[in-house]
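Summary of the model geometry
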Amino acid sequence: MIERFLTAKTLIEDNTFLFGARQTGKTTLLLQLFPNARFYDLLESNTFERLQRNPSLLRQDLEMCESGTLVIIDEVQSLPILLNEVQWLIVRKGIRFILSGSSARKLRRGGANMLGGRARQTNLYPLVSAEIPDFDLIKAVNQGMIPRHYLAKADKYWAMVQAYVAVYLREEIKAEALVRNLSTFTRFLEAAALTDGEMVNYSNIAQDCGIDSKTVAAYFSILEETLIGYMVPAYSKVVKRKVRQAPRFYYFDVSIPNYLLGRRALQPGSTDFGHAFEHLVIQEIIAYLGYHGKLEKLSYWHTYNDYEVDVVLGDAEVGIEIKSTDEVQSRHLHGLKAFKEEYPKVRMIVVSLDPNPRLFKEVEVWPVKLFFEQLWSGKIY
């Protein structure tokens, strides 16, 4: 059994919205941590139909419970009207709730009751290296960190990620009528995969998909709001060099662009491995910052004369370059050196496949597994 980073104590500090992309393990985690909680699974047709027909039945079910009773409602976005009953039960009866779902989009866009600040939001990310005792880097780069994908045998995961994309399109996109043309949106997913980890150019993607730039921007918004992707902003504080302002986009798990681009059996030394390796490291950093409430501290830096730093943490406190080489050399440090000229106090790090950690021209070179250990020990940021 994999022990997740989120603990029971973290989740019941307050009433909680627990969001996460499909199959990140929300339901499994909640059942493991709270086996005695009152559990409403809105994917069960009987439960859904009963509460859809009469939402006040939730109040009737729980009104005689003692104050402090823990209640879990899974897939809460499928029946937002229940949140009115939830608020009444919190205020009048002192019932505690964990409300989980794959997206807050439907709740917010539909004007659902978000409980007036009475519940905090926590996200569950795919697996991270710190949760896996025998973490396999090559497997993670190829299969991603969605629990079922990472744990699958090598000959099974491809069909799983294929089904995952199909389920996402069917259940998140088609069922909620988020887009008018599903085939166009499918082409957009592939175009977004081609720009995964790159600066977003709405016009280029629009031309590739045969749609306008506003539609592309709306599609990216859908990916963000359904937790399928993240926009990483540019570090825009200018000292000397003029910097680019466009955000970078990353799918929430490296298995998605791997599938959409047909990247399989990746091994160190190839360009495709390098792209997937960088994505995995960014994915790990996003999860760390997300769990610690610091996601807004993440950015990247890219100048108009093409100096770049893959990750900037905080106010230029840490700069990180990600290189899938097994020996970092001077040519890999140009971006960090240029960044340090602008921000002299920055801590410079390269994450690589080097066999040992070392200090090279004032730059810390960390083998990727040791970097992950340092990250989750709180020694990077």
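The structure this text deals with has already been given above.
1. A look at the packing of aromatic side chains
As enumerated under the stated definition, the model contains 24 aromatic pairs in all. Aromatic side chains Tyr235 and Tyr343 sit 5.5 Å apart centroid to centroid with 85° between the ring planes, which places their arrangement in the edge-to-face category. With Tyr235 in the loop between β6 (229-232) and β7 (248-251) and Tyr343 in the loop between α15 (334-342) and β11 (347-352), the pair connects residues that are 108 residues apart, well separated along the chain. Given a relative accessible area of 8%, Tyr235 falls into the buried group. Summarising the aromatic geometry, the rings of Tyr291 and Trp376 are spaced 6.3 Å apart at their centres and angled 50° between planes, so their arrangement reads as tilted. Here Tyr291 is found in helix α14 (residues 271-291), whereas its partner Trp376 is found in helix α16 (residues 368-376), with 85 residues between them in sequence. Residues Tyr291 and Trp376 agree in their burial class; the two are buried. Feature note: the residues Phe185, Phe188, Tyr202, Tyr219, Phe220, Phe249 and Tyr251 constitute an aromatic cluster, connected by ring pairs. Directly above the ring of Trp88 sits Arg59, whose terminal nitrogen or CZ lies 4.1 Å from the centroid. Lys139 extends its terminal NZ or CZ atom over the ring of Tyr150, reaching a point 5.1 Å from the ring centre.

2. Observations concerning the side chain of Thr195
With respect to the secondary-structure elements, Thr195 resides in the loop between α10 (182-194) and α11 (202-209). In this structure the side chain of Thr195 is engaged in a polar contact, spanning 3.0 Å, whose partner is the backbone oxygen of Ala192. Ignoring any residue separated from it by four or fewer positions in sequence, one finds Thr195 in contact with Ile205 and Phe249.

3. A look at the pattern of salt bridges
If you walk through the whole model with that rule in mind, you get 13 salt bridges. Through salt bridges with shared partners, one network takes in Arg241, Glu341 and Glu342.

Here is what the cut-offs are and how they apply
- Residues numbered from 1 in each chain as written.
- Predicted model: local features only at pLDDT ≥ 70, side-chain atom pairs only at ≥ 80, totals over all residues.
- Heavy atoms only, no water.
- Phe/Tyr/Trp six-rings, centres within 6.5 Å; stacked < 30°, edge-to-face > 60°.
- Helix = DSSP H or I, 4+ residues; strand = E, 2+ residues; numbered from the N terminus.
- Buried < 20%, exposed > 50% of the residue type's maximum accessible area, 1.4 Å probe, protein only.
- Lys NZ or Arg CZ within 6 Å of the ring centre and 35° of its normal.
- Polar contact = N/O pair within 3.5 Å; in protein donor to acceptor, adjacent residues only side chain to side chain.
- Contact = heavy atoms within 4.5 Å.
- Salt bridge = Lys/Arg side-chain N within 4 Å of Asp/Glu carboxyl O.

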